[in-house]
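# Tertiary structure, described
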Amino acid sequence: MDKKKYYLEISDNLSALLAGEFDLIASLANTSALLYERLEGVNWVGFYFSDGQELVLGPFQGKVACVRIAFDKGVCGKAFSHNQVQRIADVHAFPGHIACDGASNAEIVFPLVVNGRILGVLDIDSPNFDRFDQEDENGLQHLVNQLCQHLAMCSMPKFY
Ligand code: SME
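Computed from a predicted structure; not experimentally measured.

### With respect to helix α3 (residues 74–82)
- Residues of α3 that are buried: Gly74, Val75, Cys76, Gly77, Ala79 and Phe80.
- On its buried side, α3 packs onto β1 (44–50), β2 (55–62), β3 (68–69), β4 (86–88), β5 (106–114) and β6 (117–126).
- Positive backbone phi, at 45 degrees, marks Asn83, one or two positions downstream of α3.

Here it is as structure tokens:
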């Protein structure tokens, strides 16, 4: 299957998964699970959100990860502070890369912009060098846009 078709299929999966469910944590948790299941050669998929001071770990799939990342640190911090996708073929060549899982060799990080405001990032790691090409970036960006439109309609969970 060509990559365009493949990402369209995942987009359909995501629509079905998110339809009618507006709990923020549930939506993020299932999005990370869907991407982890459907993407080949990935060892970590998850979210970091800004608490106003730094990035804080959100729902994810993969090995336990660092909880807090300064805005000026790592691939995630750069994606967030520059509001710019970071597609890294070899994380070991990225100055300041934060190694959570020693198996990661490539990484792609997308800013999450909801209603014009950057809230955090989606981070995807791979053990395969140069795992993400331009077509992956385009396909994943489409999924991120889809998710961000959904997040605009989500409510924060209430704790009783
Ligand atoms: N590698 C990231 C840190 C997060 S983990 O990969 C889950 C970074 O450099 O920002």
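### Quick notes on the site of the ligand
- Taken together, 13 residues form the shell around the ligand, and within it Val75, Cys76, Ile98, Glu107 and Asp125 come nearest.
- For the ligand, a nitrogen atom lies 3.0 Å from a polar atom in the side chain of Glu107.
- Asp125 is positioned with one of its side-chain polar atoms (N or O) 2.8 Å from an oxygen atom of the ligand.
- When the ligand is considered free in solution it has 310 Å² of accessible area, and contact with the protein chains removes 100% of it.
- A majority-of-atoms criterion places the ligand in the largest cavity.
- Top element by residues in the shell around the ligand is α3. It accounts for three residues.
- Grouping the constituent residues of the shell around the ligand by class yields eight nonpolar, two polar and three charged.

Analysis parameters
Residue positions are given per chain, counted from 1 along the sequence in the order it is written. pLDDT decides what is reported in this predicted model: residues at 70 or higher carry local features, side-chain atom pairs at 80 or more are listed and counted, and totals for whole chains, interfaces and linings draw on all residues regardless. Side-chain metrics rest on all non-hydrogen atoms present in the structure, leaving aside hydrogens and water. For the exposure calls, accessible area comes from a 1.4 Å probe over protein chains only, and a residue counts as buried if that area is under 20% of its type's maximum, exposed if over 50%, partly exposed in between. Numbering goes from the N terminus for both helices and strands, where a helix is a DSSP run of H or I of at least four residues and a strand is a run of E of at least two. Contacts are assigned to residue pairs that have any heavy atoms within 4.5 Å of one another. Note on terminology: near, applied to a residue and a molecule or strand, indicates that one of the residue's heavy atoms is within 4 Å of it. Polar contacts, as used here, are pairs of N or O atoms within 3.5 Å; protein pairs need one atom able to donate a hydrogen and one able to accept it. Residues neighboring in sequence count only if both atoms are side-chain atoms. Here, Shrake-Rupley sampling with a 1.4 Å probe gives the accessible areas, and only protein chains in the shown set may cover a residue. A cavity here means a set of points on a 1 Å grid, drawn over the protein atoms and nothing else, where a 1.4 Å probe fits but cannot get out; a pocket is an open set with protein on both sides within 12 Å along at least five of seven lines, and a residue lines either one if it has an atom within 4 Å of a point. For this analysis, a molecule is said to be in a pocket or cavity if more than half of its atoms are within 2 Å of the grid points defining it. Amino acids outside the nonpolar list (Ala, Val, Leu, Ile, Met, Phe, Trp, Tyr, Cys, Pro) and the charged list (Asp, Glu, Lys, Arg) are all regarded as polar, and Gly is one of them.

Any link to function would need more than the numbers given here.
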